[in-house]
Amino acid sequence: MKTVLVTGGAGFIGGNFVLDTLGQGGWRVVNLDKLTYAGNLDTLAPLRANADHVFVQGDIGDAALLEKILDEHKPDAIVNFAAESHVDRSIDAPGDFVQTNVVGTLNLLQRATGYWRGLPLDRQDGFRFLHVSTDEVYGSLGPVGYFTEETAYAPNSPYSASKASSDHLVRAFHHTYGLPTLTTNCSNNYGPYQFPEKLIPLMIQKAIEGKPLPVYGDGRNVRDWLYVRDHCRAIARVLEAGRPGEVYNVGGDSERENIHVVKTICALLDQRRPLADGRRHEALITYVKDRPGHDRRYAIDASKLKRELGWAPQETFETGIARTVDWYLANQEWCGRVLDGSYRMERLGGV
Ligand code: NAD
């Protein structure tokens, strides 16, 4: 059995990745997460009795802690999800984003390189450092065209600028020190366990509660949506067969305007949970002042990942969004504990 050190594995995508990886077997997971507001141990509750999951609360910027973890658990791979990830928060507090996404990733790369160099040669060959990143590093597209792995970086928000910096550091560690890195740049994710500050879970939760649905600007910003478990499958595939030093774009071939996403959620909820006063959920949509620097369109060309590694998304936007609405309806307790803050009281014992 191999061991993977996952950072940020109590967050949305990392949590799904840890659950999927342990569900499939073959890996032991050491999960290092600082438990910021975005880290939620409720997500990992199904793993309480799983001896192949070791949870450590801590910061990727903590050099001594990382050295201890690497020395004790001797991982075969590191997958770095840990990040500050919400664009709106990066506008209010960019320093936190530089601290974790840039300085923290640099620390992780330095400790990983020292550890990797000390491995026996056969284990050095198989070791991988996979850095999970975003398509937002490429900036904004006009009405046509796609981001490829060759697209020049042009980040527009403090969040994307910090992720771009971390991507450059990962690249530099491969070229300078030979660390076997892999980078994935993925489009917008949605699905179970996403913190209800991001567009899709926010809209689902507000719509379930019959509250106004705040849509930025004219609602016509376009994102390429990918169901989170398809992203997790892509990461697993890149980890397994990606070529060291390479970058792989991951996308869902599902470009949708934000307003279309919100109206789709409304229509699904009209069927599944009609409003008590008989109105349609669409009546809750309220346009609000646009986010500063709001990128107009992102769209990913994932053909390299499909061609070289045989990955393809299993969900369409329509099947994935229906699954997601159903998950939030069935997991109102998880959402309630996020919204009233009690998820932060979850203790580490047993997890
Ligand atoms: P998230 O905010 O839900 O989770 C981030 C996790 O990292 C949290 O559990 C948090 O506690 C942890 N964390 C934060 N700072 C830390 C630190 N200093 N040390 C250790 N742990 C720390 O984010 P997410 O949406 O799951 O995104 C995960 C990764 O995927 C991020 O790197 C993000 O940039 C990238 N990504 C996200 C999307 C998306 O649509 N959500 C798309 C593409 C790429």
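Residues numbered from 1 in each chain as written. Predicted model: local features only at pLDDT ≥ 70, side-chain atom pairs only at ≥ 80, totals over all residues.

- Looking up the protein chain in an unreviewed UniProt entry gives the name dTDP-glucose 4,6-dehydratase, with the organism given as Tahibacter soli.
- The annotation that UniProt attaches to the protein chain under Cofactor (unreviewed entry) is "NAD(+)".
- Check the Sequence similarities (unreviewed entry) section of the UniProt entry for the protein chain; it says "Belongs to the NAD(P)-dependent epimerase/dehydratase family. dTDP-glucose dehydratase subfamily." (UniProt positions renumbered as here; feature names shortened; annotations may be inferred.)

Thoughts on the sheet that holds strand S2 (residues 27-33)
Whether parallel or antiparallel, the strands of a sheet pair through hydrogen bonds between backbone atoms.
Move 1: What the 7 strands build is an open sheet, ordered S3-S2-S1-S4-S5-S6-S11; its pairing is parallel. Among the strands making up the open sheet, the edge pair consists of strand S3 (53-57) and strand S11 (247-250). Between one strand axis and the next, the sheet turns through 20 degrees on average, direction left out of account.
Move 2: Of the pairings in the sheet, the one linking strand S6 (residues 181-186) to S11 comprises 4 bridges and is parallel in character. Bridge pairing links Cys186 to Val250 in S11.
Move 3: Most of the contacts of helix H6 (residues 158-177) go to strand S5 (residues 128-134), to which it runs at about 155 degrees, and overall it touches S5 and S6. (Pairing = 2+ DSSP bridges. Helix = DSSP H or I, 4+ residues; strand = E, 2+ residues; numbered from the N terminus. Axes fitted to C-alpha atoms, helices over the stretch in contact; angles between N-to-C directions. Contact = placed C-beta atoms within 7 Å.)

Quick notes on the site of the ligand
Move 1: What surrounds the ligand is a group of 32 residues, the closest being Gly8, Gly11, Ala38, Gly39 and Ala83.
Move 2: Contributing elements (two or more residues each) for the shell around the ligand: helix H1 (12-24), S2, helix H4 (94-117) and S5.
Move 3: Here the shell around the ligand is composed, by residue class, of 13 nonpolar, 14 polar and 5 charged. (Near = placed C-beta within 6 Å. Nonpolar A, V, L, I, M, F, W, Y, C, P; charged D, E, K, R; others polar.)

A word on the nonpolar core
Move 1: Within the largest apolar cluster, 88 residues are counted, with the highest numbers of intra-cluster contacts made by Val79, Leu130, Ile235 and Ile265.
Move 2: Setting aside anything within four residues of it in sequence, one finds Ile265 in contact with Met203, Ile204, Ala207, Ile321 and Val325. (Core = buried A, V, L, I, M, F, W, Y, C linked by C-beta atoms within 7 Å. Buried ≥ 20, exposed ≤ 12 C-beta atoms within 10 Å, placed from the backbone.)

Some details on the packing of H4 against H6
Move 1: At a closest axis distance of 8 Å, the pairing of H4 and H6 adopts a crossing angle of 15 degrees. As far as their axial angle goes, H6 and H4 are roughly parallel. With respect to the hand of their crossing, H4 and H6 are arranged in right-handed fashion. Across the interface between the two elements, Pro94, Phe97, Val98, Asn101, Val102, Thr105, Leu106, Leu109 and Thr113 of H4 pack against Pro158, Tyr159, Ser162, Lys163, Ser165, Ser166, Leu169, Val170, Phe173 and Tyr177 of H6. (Parallel < 35°, antiparallel > 145°, perpendicular 65-115°, else oblique. Left-handed = near helix turned anticlockwise from the far one by under 90°.)

Comments concerning the environment of Leu70
Move 1: For Leu70, the location among the structural elements is in helix H2 (residues 63-73).
Move 2: The class for Leu70 is buried, based on 20 C-beta atoms found within 10 Å.
Move 3: When the C-alpha atoms of Leu70 and Gly114 are compared, they prove to be 9.9 Å apart, with 44 residues separating the residues in sequence.
Move 4: Not counting chain neighbours up to four residues away, the residues in contact with Leu70 comprise Pro75, Arg111 and Tyr115.

Regarding the UniProt feature "domain: NAD(P)-binding" (unreviewed entry) in the protein chain
Move 1: Following the UniProt record, the feature "domain: NAD(P)-binding" (unreviewed entry) maps to residues 5-323 here.
Move 2: Helix and strand shares over residues 5-323 are 42% and 17% respectively, and the end C-alpha atoms of the span are 29 Å apart.

Concerning the pairing of S6
Move 1: The element S6 is extensively covered by neighbouring structure, given that 6 of its 6 residues are classed as buried.
Move 2: Residues Thr181, Thr183 and Asn185 of S6 are buried on one face, and the alternating residues Leu182, Thr184 and Cys186, pointing to the opposite face, are buried as well.
Move 3: Here S5 pairs with S6 via 6 bridges, running parallel. Paired with Ser133 across the strands is Asn185, a residue of S6.
Move 4: With H6 bridging S5 and the parallel S6, this β-α-β connection has right-handed handedness. (Right-handed = clockwise from strand over helix to strand, strands pointing away.)

Some remarks on the packing of H1 against helix H8 (residues 228-241)
Move 1: Following both chains from N to C, one finds H1 and H8 inclined at 65 degrees, their axes separated by 9 Å at the closest point. Between H1 and H8, the angle falls in the class roughly perpendicular. Our pair here, H1 against H8, has a crossing hand that is right-handed. For the pair H1 and H8, the contacting residues are Phe12, Ile13, Asn16, Phe17, Asp20 and Thr21 in the first and Val228, Arg229, His231, Cys232, Ile235 and Ala236 in the second.
Move 2: Looking at the contact of H1 with H8, its residues break down into 7 nonpolar, 3 polar and 2 charged.

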